[in-house]
Amino acid sequence: MSPRARSGVKYALAALGVILLLIGVSLGEYATVFKKAASICFECIGIG
Amino acid sequence: MVHKHSRHVIQLISAVLTNGYFSGFASGSIYKGPLKSFCVPTLNCYSCPGALGSCPIGALQAVLGGNRSNVSYYVTGLLILFGVLLGRLICGFLCLFGLIQDLLYRIPTPKCKLPRVLDRPLRRLKYLVLLILVLLLPVCATNSFGIAPPYFCKYLCPAGTLEGGIPLVLAEESLKAMLGWLFAWKLFLLLAFLLASVFLYRPFCKYICPLGAIYSLFNRFSFYQMHVDRTKCVGCHTCRDKCNMGVDPLKNINSGECIRCGECGAACPTQAISGSFLQKKPSAASRNTSPLA
């Protein structure tokens, strides 16, 4: 892959990341993440 | 290139910044503030008493295994951004569990490398862990309410046991009565990885870590890139011999296995290897000069 194409891919990926992040924020996914992370996850620590 | 000790200092600072809720360790509780809705770039258990942010792998499973959505745009977007910005530099410089493995490997004992015939297939195991435990099972293996447990965190992740399980159990008496076979299994896994880390360089990162698997896909395309100056390279292969991750920088400097620790660059007698955010255009002399030729 040429350096120019590789550069294009990284900018495209960065744009994709931003778009997905914004979609996720608009859907309120951060609230799901918060809900899970703000209480002790017993399964994660090997108790649940 | 960054010296090994400087890298460990950066790793330590990162660990403190992501786990800065110190009172949690004493009280046996976790931070519940708004920062928890943001994912940190590293495998850092959100049930660690000190954790200020969320683990992206745990968060990904929480969204996928919830009953609302089978796609996690928010966490996927963050992972792409972290990956495209830094690639596996995150593994080499920011991850707490990586730092612990690094320090254990510095214990002066005989070191070993797995034979190639075993090492190569095992390197692919982390992609299977990512695909099956992190992505497929939380979507497919749900209960009657459409909810799935975080399979990777529950059955495999040693970081959760070390950062979350052990400190919470030590600080909170009531949790001790709840310990069972799962905690014993996870403790066994943790001890196995820690013991293996004394003899093998970063076994968890090489073979199991699903977050490393994700970031490895971005190494070739990340803004941070490693470079070999072919005009300076004398082809001594010191870089290859020095690399604990088994990468040959002269063949594939931005290999998915490279954690960008900089050991190759520090060892290079002619300073031919560097890493930066700037795209270096190969000179005509560089293109025509190959130490391997």
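Residues numbered from 1 in each chain as written. Chains lettered and ligands numbered in written order. Predicted model: local features only at pLDDT ≥ 70, side-chain atom pairs only at ≥ 80, totals over all residues. Heavy atoms only, no water.

## Some words on the overall build of chain A
When helices and strands are tallied, chain A shows 2 helices and 0 strands. Oriented by its inertia axes, the alpha-carbon framework of chain A measures out at about 50 × 25 × 10 Å. The buried share of chain A, taken over its 48 residues, is 38%. Accessible surface for chain A amounts to roughly 2,600 Å². Of this, 71% is attributable to carbon and sulfur atoms. (Helix = DSSP H or I, 4+ residues; strand = E, 2+ residues; numbered from the N terminus. Buried < 20%, exposed > 50% of the residue type's maximum accessible area, 1.4 Å probe, protein only. Areas by Shrake-Rupley, 256 points an atom, 1.4 Å probe, with all protein chains shown as cover.)

## As for the domain arrangement of chain B
All names here are of chain B. Taken as a whole, chain B is organised into domain 1 (4-216) and domain 2 (225-286). A C-alpha centroid distance of 28 Å is found between domain 1 and domain 2. Buried surface at the junction of domain 1 and domain 2, both sides included, amounts to about 1,300 Å², of which 53% is carbon and sulfur. Interface area lost by domain 1 to domain 2 is led by R88, R123 and Y201, which between them contribute 35%. (Domains from an automatic or database assignment. Buried area = accessible area lost by both parts, 1.4 Å probe.)

## A few points about the state of the cysteines
Summed over the entire model, instances satisfying the criterion amount to 1 disulfide over all chains. In this model, A:C41 is linked to A:C44 through a disulfide, with the two sulfur atoms separated by 2.2 Å. Judged by the sign of its S-S torsion, about 75°, the cystine formed by A:C41 and A:C44 is right-handed. Here the two residues A:C41 and A:C44 agree in accessibility, since each one is buried. The closest cysteine sulfur to the non-disulfide-bonded B:C45 is located on A:C44, 5.3 Å from its own sulfur. The exposure class assigned to B:C45 is buried, which follows from its relative accessible area of 7%. (Disulfide = S-S within 2.5 Å.)

## Re the packing of aromatic side chains
Residues and elements named next belong to chain B. Per the stated rule, a full pass over the model turns up 10 aromatic pairs over all chains. Residues F38 and F82 carry aromatic rings whose centres are separated by 6.5 Å and whose planes lie at 90° to one another, so their mutual orientation is edge-to-face. Taken as a pair, F38 in the loop between α2 (23-27) and α3 (56-64) and F82 in helix α4 (residues 73-86) lie far apart in primary sequence, 44 residues in all. Look at F82 and you get buried, because its relative accessible area is 15%. Where Y151 meets Y155, the ring centres are 6.3 Å apart and the plane angle is 25°; that geometry is what we call stacked. With a gap of 4 residues between them, Y151 and Y155 both fall in helix α9 (residues 151-155), about one helical turn apart. Y151 sits in the buried class, given a relative accessible area of 13%. Counting every residue linked through ring pairs, the aromatic cluster contains F97, F193 and F204. (Phe/Tyr/Trp six-rings, centres within 6.5 Å; stacked < 30°, edge-to-face > 60°.)

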